[in-house]
Amino acid sequence: MQAEQLKELVVGALEDVKAQDVSIIDVRGRTSVTDYMVLASGTSNRHVKSLADSVLSEAREQGVRASNVEGANASDWILVDLGDVVVHVMMPATREFYDLERLWRDAPDLGVAGSE
């Protein structure tokens, strides 16, 4: 699956479970680790876990396996590494504290999902 298709699959999976503040950052050419970072917030620890589970389930249905999942036990920040797309699902306070959007502020921001 191409990176662009995988990004769309991830955004769809997050939107299906009512993710908040979905943001897509294009990091191609800025890091060799991934092409896109998708950030989303959940309303509770249970919601954060459900969002990550939705991404994993949708990816698995399309034959994409996560190379790594971090934070599934704590559920205030879960990272899902799908290779070309890395997904960060966080509680709003955690997202504000780490402010990954600021860290990658020079990367093209593809906007908030659903605003295109």
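Here, the structure is the one placed above.
In short, a report on the structure. What you are looking at is a predicted structure, and each value in this text was computed from that prediction instead of being measured.

## Here's the deal with the overall build of the protein chain
Here is step 1 of the chain: Summing up its helical and strand segments, the protein chain has four helices and six strands in all.
Here is step 2 of the chain: When the helices and strands of the protein chain are placed in sequence order, the string is α-β-β-α-β-β-β-α-α-β.
Here is step 3 of the chain: Looking at the protein chain as a whole, 42% of its 116 residues qualify as buried.
Here is step 4 of the chain: For the protein chain, the proportion of contacts with a sequence separation of at least 24, taken over those separated by at least 6, is 61%.
Here is step 5 of the chain: Accessible surface, the protein chain: about 6,400 Å² in total, of which carbon and sulfur atoms supply 45%.

## Topic: the pattern of salt bridges
Here is step 1 of the chain: With the rule as written, the count across this model stands at six salt bridges.
Here is step 2 of the chain: Counted as one network, the salt bridges with shared partners bring together Glu4, Lys7 and Glu8.

## Regarding the nonpolar core
General note: in soluble globular proteins, nonpolar side chains tend to be found buried as a group.
Here is step 1 of the chain: Counting residues in hydrophobic clusters, the biggest one holds 27 residues, and the most contacted among them are Val10, Leu14, Val38, Val55, Val80, Leu82 and Val87.
Here is step 2 of the chain: Where this core is concerned, the elements lending two or more residues are helix 1 (3-16), strand 1 (20-26), strand 2 (36-41), helix 2 (45-61), strand 4 (77-81) and strand 5 (85-90).
Here is step 3 of the chain: For this core, the element with the highest residue contribution is helix 1, accounting for seven residues.
Here is step 4 of the chain: Ignoring sequence-local partners within four residues, the contact set of leucine 82 consists of Leu6, Val10, Val55, Ala59, Val64, Arg65, Ala66 and Val87.
Here is step 5 of the chain: Residues Met37, Leu39, Met90 and Leu100 belong to the second largest nonpolar core, which totals eight residues.

## What to know about the pairing of strand 4
Here is step 1 of the chain: The alternating pattern of strand 4 places Ile78 and Val80 on a buried face, while none of Trp77, Leu79 and Asp81, on the opposite face, is buried.
Here is step 2 of the chain: Sheet topology note: the strand 3 (residues 68-70)/strand 4 ladder contains three bridges and is antiparallel. By the bridge assignment, valine 69 is partnered in strand 4 with valine 80.
Here is step 3 of the chain: Linking strand 3 to strand 4, which pair antiparallel, is a turn of six residues; within it glycine 71 sits at a positive phi near 85°.
Here is step 4 of the chain: One ladder, built from five bridges, connects strand 4 with strand 5; its direction is antiparallel. Bridge assignment links aspartate 81 to a residue of strand 5, and that residue is valine 86.
Here is step 5 of the chain: Here strand 4 folds back onto strand 5 in antiparallel fashion, the turn holding three residues, of which glycine 83 has a positive phi close to 90°.

Cut-offs used in this document
- Residues numbered from 1 in each chain as written.
- Predicted model: local features only at pLDDT ≥ 70, side-chain atom pairs only at ≥ 80, totals over all residues.
- Heavy atoms only, no water.
- Helix = DSSP H or I, 4+ residues; strand = E, 2+ residues; numbered from the N terminus.
- Buried < 20%, exposed > 50% of the residue type's maximum accessible area, 1.4 Å probe, protein only.
- Contact = heavy atoms within 4.5 Å.
- Areas by Shrake-Rupley, 256 points an atom, 1.4 Å probe, with all protein chains shown as cover.
- Salt bridge = Lys/Arg side-chain N within 4 Å of Asp/Glu carboxyl O.
- Core = buried A, V, L, I, M, F, W, Y, C linked by side-chain atoms within 4.5 Å.
- Pairing = 2+ DSSP bridges.

Honestly, it's all geometry; don't read function into it.
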